[in-house]
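Structural overview for review
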Amino acid sequence: MDAEEERRLSELWSYGILDTKPETAFDRLVEIAAKACGVPIATVTLVDRERQWFKARIGIDVPQTPRPVAFCDYTIRDTCVLEVADARNDARFADNPLVTGPPHIRFYAGAPLVAPSGRVMGTFCVMDHQPRELTTAERDLLRMFAEQTVLEMELRVRNLRLDEARIAAERAEAESKRLAERLATTLESITDAFFTVDREWRFTYVNREAERVLLRTREDLIGRNVWEEFPDAVDSPVYPAYHRALETGVTEHLEFYFPPLETWFEVHAYPSPEGLAVYFRDISRRKRDEVAMAALRTELERSNQELRHFASIASHDLREPLRKLQVFADRLLGEADMSAIQRSDYLRRMGQAAARMDALLDALLRYSRVVRHQNPLRPVALAEVVEEVREDLELNGGSVVVDGELPVLKADRDQIRQALQNLVANGLKYRHPERTPRVVIRCRTTPDGHAMIEVEDNGQGFDPAYAGRIFEPFVRLDTTQGPDGSGMGLAIVRSVAMRHGGEVSAHGRPGEGACFRLVLPCAPVAGVRDADPS
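Residues numbered from 1 in each chain as written. Predicted model: local features only at pLDDT ≥ 70, side-chain atom pairs only at ≥ 80, totals over all residues. Heavy atoms only, no water.

Across the sheet, which stays open at both edges, the 6 strands sit in the order 3-2-1-6-5-4 with antiparallel pairing between neighbours. Edge strands, defined here as strands with exactly one partner in the open sheet, are strand 3 (64-66) and strand 4 (82-84). On average, adjacent strands in this sheet sit at an angle of 25° to one another, irrespective of strand direction. As paired elements, strand 2 (residues 51-58) and strand 3 share 3 bridges and run antiparallel to each other. Considered in strand 3, the bridge of Gln 52 is made with Thr 65. Set on the sheet, helix 5 (residues 136-160) makes contact with strand 1 (41-47), strand 4, strand 5 (107-114) and strand 6 (120-128); between it and strand 5 the angle comes to about 40°. (Pairing = 2+ DSSP bridges. Helix = DSSP H or I, 4+ residues; strand = E, 2+ residues; numbered from the N terminus. Axes fitted to C-alpha atoms, helices over the stretch in contact; angles between N-to-C directions. Contact = heavy atoms within 4.5 Å.)

This part is about the environment of Met 488. Within the secondary structure, Met 488 is located in the loop between strand 16 (451-457) and helix 15 (489-499). Along the sequence, Met 488 and Phe 471 sit 17 residues apart, while their C-alpha atoms lie 8.1 Å from each other.

Looking now at the sheet that holds strand 9 (residues 252-258). Strands belonging to one sheet form pairs held by backbone hydrogen bonds; the direction of such a pair is parallel or antiparallel. In space, the 5 strands of this open sheet follow the order 8-7-11-10-9, with antiparallel pairing throughout. Only two strands of the sheet have a single partner each, and these edge strands are strand 8 (203-206) and strand 9. Each strand of the sheet is rotated relative to its neighbour by a mean of 25°, with strand direction disregarded. Where strand 10 (residues 263-272) meets strand 11 (residues 275-282), 8 bridges bridge the pair, whose relative direction is antiparallel. Looking across to strand 11, one finds that Glu 266 is bridged to Arg 281.

Turning our attention to the side chain of Asp 457. Following the sequence through the fold, Asp 457 ends up in strand 16. Put simply, Asp 457 is tucked away with no salt bridge, and the nearest opposite charge, on Arg 435, sits 7.3 Å away. Engagement of the side chain of Asp 457 in a polar contact is seen with the backbone nitrogen of Gly 459, the distance being 2.9 Å. Asp 457 has contacts with Gly 427, Arg 438, Val 439, Gly 513, Ala 514 and Phe 516, leaving out every residue within four places of it along the chain. (Buried < 20%, exposed > 50% of the residue type's maximum accessible area, 1.4 Å probe, protein only. Lys, Arg positive; Asp, Glu negative; His and termini not counted. Salt bridge = Lys/Arg side-chain N within 4 Å of Asp/Glu carboxyl O. Polar contact = N/O pair within 3.5 Å; in protein donor to acceptor, adjacent residues only side chain to side chain.)

Further remarks concern the pairing of strand 7 (residues 193-198). Burial runs high along strand 7: 6 of the 6 residues are buried. Residue alternation in strand 7 divides its side chains into two sets, Ala 193, Phe 195 and Val 197 and Phe 194, Thr 196 and Asp 198, and both sets are buried. Across 6 bridges, strand 7 lies against strand 11 in antiparallel orientation. Its bridge partner lying in strand 11, Asp 198 is registered against Gly 275. As judged from the 3 bridges shared by strand 7 and strand 8, these two strands associate in the antiparallel manner. Counted as the bridge partner of Thr 196 is Tyr 205 from strand 8.

A separate point is the pattern of salt bridges. Following the criterion strictly, the structure yields 39 salt bridges and no others. With a closest N to O distance of 3.2 Å, Glu 290 and Arg 286 form a salt bridge. Remark: Arg 286 and Glu 290 occur in helix 11 (residues 284-334); sequence separation between them is 4 residues, near one turn of the helix. With relative accessibility at 32%, the residue Arg 286 sits in the partly exposed group. The salt bridge partner of Arg 413 is Glu 388, with a shortest N-O separation of 2.8 Å. Of the two residues, Arg 413 sits in helix 14 (residues 413-429) while Glu 388 sits in helix 13 (residues 382-393), which places them 25 residues apart along the sequence. Relative accessible area serves as the criterion here: at 29%, Arg 413 is assigned to the partly exposed category.

Attention shifts here to the nonpolar core. Inside soluble globular proteins, nonpolar side chains tend to come together where they are buried. Within the largest apolar cluster, 36 residues are counted, with the highest numbers of intra-cluster contacts made by Leu 382, Leu 420, Val 424 and Phe 516. When residues of this core are traced back to their parent elements, those giving at least two are helix 13, strand 14 (408-411), helix 14, strand 15 (438-445), strand 16, helix 15, strand 17 (503-508) and strand 18 (514-520). The leading source of residues in this core is helix 14, at 6 residues. The contacts of Phe 516, once residues within four sequence positions are left out, are Leu 423, Ile 453, Glu 454, Val 455, Asp 457, Ile 470, Phe 471, Leu 490, Ser 505 and Ala 506. Counting 33 residues, the second-largest nonpolar core is a separate cluster that includes Phe 26, Val 30, Leu 134 and Phe 145. (Core = buried A, V, L, I, M, F, W, Y, C linked by side-chain atoms within 4.5 Å.)

Taken together, the side chains of Met 293, Leu 296 and Leu 300 make up a nonpolar region of the molecular surface, amounting to roughly 280 Å² of accessible area. Here Met 293 is to be found in helix 11. For Met 293, a relative accessible area of 44% translates into the label partly exposed. (Patch = residues over 30% accessible without salt bridge, like charges linked within 9 Å, V, L, I, M, F, W, Y side chains within 5 Å. Areas by Shrake-Rupley, 256 points an atom, 1.4 Å probe, with all protein chains shown as cover.)

In this fold, Asp 86 is placed in the loop between strand 4 and helix 4 (97-100). Exposure remark for Asp 86: the relative accessible area of 14% places this residue in the buried category. In this structure the side chain of Asp 86 is engaged in a polar contact, spanning 3.0 Å, whose partner is the side chain of Arg 88. In this view, Asp 86 contacts Arg 106 and Pro 131; residues no more than four positions away in its chain are not counted.

Put into structure tokens, the structure is as follows:
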């Protein structure tokens with residue numbers, strides 16, 4: 001070992017710092033450095049003759065490691081920051097046991113601890129288990145932490161040898177102030193809001209981002225009690241979290257909603273002997289995205305379940321006309337001596353089956369358009385839509401009557417028209433044999449502010465036991481009387497209701513007509529009466 005190394009070791013030993021107990025000044029530096037650089041490991045490392053010893057450490061369990069495997073042994077050979085982006089790709093460290101085994105170091109950056117003599121006592125370093133690179137600001141910050149560490153070492157010597165180190169201590173204090181100002185500048189530039197309080201909960205520092213988020217200036221807050229300035233926070237999760245941090249000395253992390261600011265916050269509270277340092281940020285957008293994603297997942301699950309149910313029913317109903325076509329075709333081909341009357345009957349039945357298939361496919365296409373083609377919700381004049389439906393359907397006989405004023409709703413116009421047309425068509429189609437068909441349309445506001453559209457007819461009615469099943473695809477309650485149909489009309493109405501986040505219900509009795517209620521959870525824009533709560 002050369003003479004210069006002996007002089008370096010002699011100066012290191014003169015600090016009297018090796019193998020001493022942990023000290024708050026150094027521990028706080030590595031904790032802040034790890035947070036500032038976003039790494040799990042930070043150390044104040046002093047390089048001895050045969051070992052490197054950690055005066056302060058975070059993320060490493062052992063107090064020292066052999067010098068031959070020390071990254072810092074390379075750092076102390078110069079006065080520049082040594083940065084290794086990925087140790088696996090660096091010939092100096094690829095086979096190092098600290099790389100191939102625990103703690104599996106990938107990234108390393110060390111700033112030398114340069115004593116006033118110019119000799120390097122060790123390093124202030126940060127490490128990560130993943131490859132990465134420091135930004136220019138982080139690299140400057142690492143040098144600042146190294147300079148601050150040396151100052152703390154000098155101050156420590158001064159306390160031990162006050163008379164001998166008086167001049168050096170004055171210089172160190174001046175440098176410490178300069179670095180504190182630089183550190184404060186760095187805290188002003190970070191994107192997180194940041195403030196500190198003492199153990200009496202008085203603000204001692206507030207950065208610009210905290211001023212912006214809290215809507216208060218630092219002049220208003222410095223020296224004032226945090227709970228008196230923000231009394232609503234006493235009932236929030238931060239109150240017990242901050243107290244736990246000071247009482248236990250353990251960092252607290254939490255997310256919470258603060259109603260006075262209508263904001264979600266992510267908060268990290270770091271205790272120290274002086275008080276509490278709090279980093280926080282606005283995460284409201286992220287929370288809104290999470291809620292939207294949860295709603296989307298729920299809707300997808302509902303849609304998939306409905307599609308599975310629909311596919312099962314559709315496959316059964318579509319097979320029936322196909323089966324009839326196949327049966328009658330086989331008979332036509334297999335019976336050579338068939339009479340003309342019989343042949344004509346088979347062809348008639350095949351035509352009916354084909355027409356049934358065509359009606360089912362047409363209904364499927366209409367249902368598909370409701371499910372897949374969704375327009376934005378816009379103001380819709382319900383009176384105009386009803387008038388269009390009335391013009392289309394009153395030609396079939398009967399009357400369509402509007403009871404009261406109809407509102408303007410925020411809805412998908414095409415889908416609302418389709419739903420109303422299906423409901424009105426049902427009322428006119430399934431008529432009572434002794435009455436002229438009549439359909440009444442009205443709209444009211446429910447007690448919870450929803451729009452309830454009622455379509456009431458005087459037709460055949462139905463057994464209330466089937467009120468829930470009536471909205472399933474291809475369901476027709478009466479196939480022996482009245483006109484033929486696909487059984488998809490009310491299924492489409494239910495899909496329209498679900499598309500708008502609402503619901504539809506059916507009420508009726510045999511021979512007494514039916515009433516369908518389409519409830520949409522969107523407040524009417526204008527012109528609607530209140531519904532009877534019953």
